[in-house]
Amino acid sequence: MNNRKEQQMLRRGNEFIAAHASSVAASVLRQRYHFMGPGGWINDPNGLVFFRGQYHFFYQFNPFEPFWSHMHWGHAVSDDLIHWKHLPIALAPSEEYECHPRGGCFSGSTIEKDGRLYLIYTGTSNHGNGFVQTQCVAWTDDGINFVKYEGNPVLRAPQGVPTDFFRDPKVFEYGGKYFLVCGAQREGRAQALLYSSQDLLQWEFVNVLFESRGEWGFMWECPDFFPLGEKWVFVCSPMGVGERTCVYFVGDFDAERGRFFPQVNGEVDWGFDFYAPQSLQTPDNRRVMVGWANGWDWMPFWKDWGPTWRDGWCGAFGVPRQVTLDESLHLVSKPIAEINTLRDLGKKTEHASLAVDSTYKLNVGDGVSYDLSFEVDLEATSASCAELLLRSDGEEGLRIQWDFDNAELRVERDRADGWSTGVSRSPLCLMGKSQLDVRICVDVCSVELFVDGGRIVHSMNDFAPLENKEIRFKVADGQLVIKNLTGYPMKAVADPALTFELH
Ligand code: FRU
C-alpha cells in the first residue's frame, strides 16, 4: 500500500493530467508518431521493459507544468512500441529521501524478478547539506500500483563521491546475479560504479566498472550497459565533453572482477537532440534503444526547448531504434521495423532514379510527417556538395548537406525555425563505397537522419510552423544522382487519450 502522502501526490498529478490532457492533445505541434507524455514535461526514458506481455515505458515527468521540476515517473504501455496508452503515474516524490523541490524521483531502470517488476531509481533530497542523491527501490505486481521499499535508500554515495553526482542506476541480470551501474564522479572525473545483489534490495560495491581520465567528462548521466552479440556496450550521456550528447563504448566485461574493457567508441547520435537513452530487450531478442529528443541548458548549442510549452507540454522521445554492431564493432542504429507499419502505402512517392542539376522539389505526403529513404549514387554523382532542405517555407528550413569533397555530413538548423540553433557535423566515410544509403524520419517537430546503414545518426528538433513543408534537393555545381527513392506519409498514431480511471 502507498502511504497517505504518496497517495495524495499521485492523485494530484493524475487529476492534473486528466484535467489538461484533451487541451494538450489539441496542440498542433504534437508529434504524430513519436512518444510523448499526456501533458506537462518529460525527459529521460526510464525503465523500458517488456513485462507481463506488454512494453512498459516509464519516464521523467513533471505532470504540473511544461518545465522540468518535481520529477515523477510517468508510465505508459504498448503492444508494439508505437501505439501507447498512458497509465497513472508510477512514482511521485513523497518520502524524505526524494523530497527535493528541484528534484524528486530521478532516472533509473526496471527489472523483473519472480513475476514482480522492480524499479530502481535515484531519490533526491536536501536536508541542509546540499543535494543528496541516493538509490531507491519500488515494485509492482500488477503493473499499475507501485510500492516503495521501506528500507530505502538502498545505496548512498561512497566516500569520495560527491552526493550530487551519484545517480541513474541501470540494473541488469548476468551470471545468476543482479548488477547495477551508477553514474558517479571522483576528483572531478566521471565514473561508472558497479554494484551486485542477489535480491535487488541489498547491494554490495563490486568495482569501478569504467572511468574517465578527464577526456570523457566529469559525469556520465544515465549509463546503460548491455550485451550485444559477444560484446558488451556501455552507453552514457557525458557532461563536460562539448557537443557530445551521447556516446558508446564496445568491449568486454569481466563480471567476476567488475571491470569493463572498451575497445571501440563512437557517437550514438551526432545531433543535438538525443540524450539519456535507455535500451530494452524485446521478446524476439532485439536490443531497442530510445532517447529523449532534447538537451539541457548547460549544453553548448542549447537555446531553449521550443514553443510547445505554450500548449502545456514539452518533450518527446526519438523513434525507437534497433541497435547492432557492425564488423568493426561500431554501433549501428535503425528505426525499428514496427515503424514501417505507419507508412501510408497508398500515398507512396517513388523514383527509381533521379538526377538533380540545380534544384528538385520532392512531394512526400504533407511534407510534415513522413519517412523518406534513398541512395546517393556516388559513382554517377559529380556535385561536390548536395543539400536537402526540409520543413522549408521555400527559402529557409532545416538543411542536410552532404559535402562529398570534404567527406562531411552537416545538419544545419540555424535558419530553420527561429528557435533552434547549431550545426551538427559528422565525418562521412565514403572510401570504397559506390552508394550511400539515407533514411529520414520527419515528424511535426523532429528530424532524424540515419546514414550509411545507420552508422551515422543525427537527431534534431525543428519547431517550424506547419506551413513549412517544402522538400527540396539542391546542388550548386555538377549533378546529384539519387536511386531507389521511396517516401511515405506517416499515419498519425492517435494522441493517446487517457485510458486510466482515477482512483
Ligand atoms: C539526465 C538527467 C539525469 C537525472 C534526470 C533528472 O537527463 O539529468 O541525470 O536523473 O535527468 O530529471
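Just so it is clear, the model here is predicted, and its values are computed rather than measured.

*Asks:* Outline the pattern of salt bridges, listing residues and values.
*Replies:* Pairing between side chains of opposite charge can happen when the charged atoms of each approach one another. For the structure on display, the rule yields 32 salt bridges. With its nearest N and O atoms 2.8 Å apart, the salt bridge here joins Asp141 to Arg116. Of this pair, Asp141 sits in the loop between strand E7 (132–140) and strand E8 (147–148) while Arg116 sits in strand E6 (residues 116–125), and the two are 25 residues apart along the sequence. Arg455 is paired through a salt bridge with Asp452; the nearest N and O atoms lie 3.7 Å apart. By relative accessible area, Arg455 is classed as partly exposed at 31%. Among the charged side chains, a network of salt bridges with common partners joins Glu387, Glu396, Arg399, Glu412 and Arg415.

*Asks:* Can you explain the site of the ligand? Please cite residues and give values.
*Replies:* Around the ligand, the neighbouring residues are Asn43, Asp44, Gln60, Trp68, Met71, Phe106, Ser107, Arg167, Asp168, Glu221, Tyr275 and Trp296. For the ligand, an oxygen atom lies 2.7 Å from a polar atom in the side chain of Asp44. Within the side chain of Glu221, a nitrogen or oxygen atom sits 2.8 Å from an oxygen atom of the ligand. Here the ligand has 320 Å² of accessible area as a free molecule, and 96% of this is covered by the chains. Secondary structure elements with two or more residues in the shell around the ligand: strand E1 (40–51), strand E5 (105–113) and strand E9 (166–174).

*Asks:* Can you tell me about the environment of Thr359, naming the residues and giving the values?
*Replies:* Tracing the backbone through its elements, the reader meets Thr359 in strand E23 (residues 359–362). Judged by its relative accessible area of 39%, Thr359 is partly exposed. Considered as a pair, Thr359 and Ala476 are 117 residues apart in the sequence and their alpha carbons are 8.6 Å apart. Residues in contact with Thr359, not counting those within four places in the same chain, are Arg472, Phe473 and Lys474. Within polar-contact distance, the side chain of Thr359 engages the side chain of Arg472 at 2.8 Å.

*Asks:* Help me get a handle on the packing of aromatic side chains, residues and values and all.
*Replies:* Throughout the structure, instances matching the rule amount to 53 aromatic pairs. The structure contains a cluster of three or more aromatic residues connected by ring pairs, namely Phe172, Tyr174, Phe179, Phe210, Trp216, Trp220, Phe225, Trp232, Phe234, Phe249, Phe253 and Phe260. Positioned above the aromatic ring of Phe64, the side-chain terminus of Arg12 is 4.7 Å from the ring centre. Directly above the aromatic system of Phe274 lies the positively charged group of Arg321, at a separation of 3.9 Å from the ring centroid.

*Asks:* Break down the sheet that holds strand E21 (residues 331–335) for me, citing the residues and quoting the values.
*Replies:* Strand order in the open sheet made by the four strands is E17-E18-E20-E21, with antiparallel pairing throughout. Each edge of the sheet is formed by a strand with only one pairing partner; in this case those strands are strand E17 (275–281) and E21. Adjacent strand axes in the sheet meet at a mean angle of 35° when their direction is disregarded. In this structure, strand E20 (residues 321–325) lies alongside E21, joined through five bridges in antiparallel fashion. Bridge pairing in E21 places Thr324 opposite Val332.

*Asks:* With reference to specific residues and values, describe the domain arrangement of the protein.
*Replies:* Segmenting the protein into domains produces domain 1 (4–335) and domain 2 (343–489). Centre-to-centre, using C-alpha coordinates, domain 1 lies 31 Å away from domain 2. Between domain 1 and domain 2, the residue contacts involve 36 residues of the former and 34 residues of the latter. When the buried area of domain 1 at its contact with domain 2 is split by residue, Arg32, Trp270 and Phe272 rank highest and sum to 23% of it.

*Asks:* Can you tell me about the environment of Ala293, naming the residues and giving the values?
*Replies:* Its location among the elements puts Ala293 in the loop between strand E18 (287–292) and strand E19 (313–314). In the structure, Ala293 is positioned 25 residues away from Val268 in sequence and 13 Å away in space, judged by C-alpha atoms.

*Asks:* Go over the sheet that holds strand E12 (residues 204–211) with me, naming the residues and quoting the values.
*Replies:* Each strand in a sheet pairs with its neighbour through backbone hydrogen bonds, running either in the same direction (parallel) or in the opposite one (antiparallel). In space, the four strands of this open sheet follow the order E9-E10-E11-E12, with antiparallel pairing throughout. The sheet is open, and its two edges are formed by E9 and E12, each paired on a single side. Between one strand axis and the next, the sheet turns by 25° as a mean value, whatever way the strands run.

Rules and cut-offs
- Residues numbered from 1 in each chain as written.
- Predicted model: local features only at pLDDT ≥ 70, side-chain atom pairs only at ≥ 80, totals over all residues.
- Heavy atoms only, no water.
- Salt bridge = Lys/Arg side-chain N within 4 Å of Asp/Glu carboxyl O.
- Helix = DSSP H or I, 4+ residues; strand = E, 2+ residues; numbered from the N terminus.
- Buried < 20%, exposed > 50% of the residue type's maximum accessible area, 1.4 Å probe, protein only.
- Near = heavy atom within 4 Å.
- Polar contact = N/O pair within 3.5 Å; in protein donor to acceptor, adjacent residues only side chain to side chain.
- Areas by Shrake-Rupley, 256 points an atom, 1.4 Å probe, with all protein chains shown as cover.
- Contact = heavy atoms within 4.5 Å.
- Phe/Tyr/Trp six-rings, centres within 6.5 Å; stacked < 30°, edge-to-face > 60°.
- Lys NZ or Arg CZ within 6 Å of the ring centre and 35° of its normal.
- Pairing = 2+ DSSP bridges.
- Axes fitted to C-alpha atoms, helices over the stretch in contact; angles between N-to-C directions.
- Domains from an automatic or database assignment.
- Buried area = accessible area lost by both parts, 1.4 Å probe.

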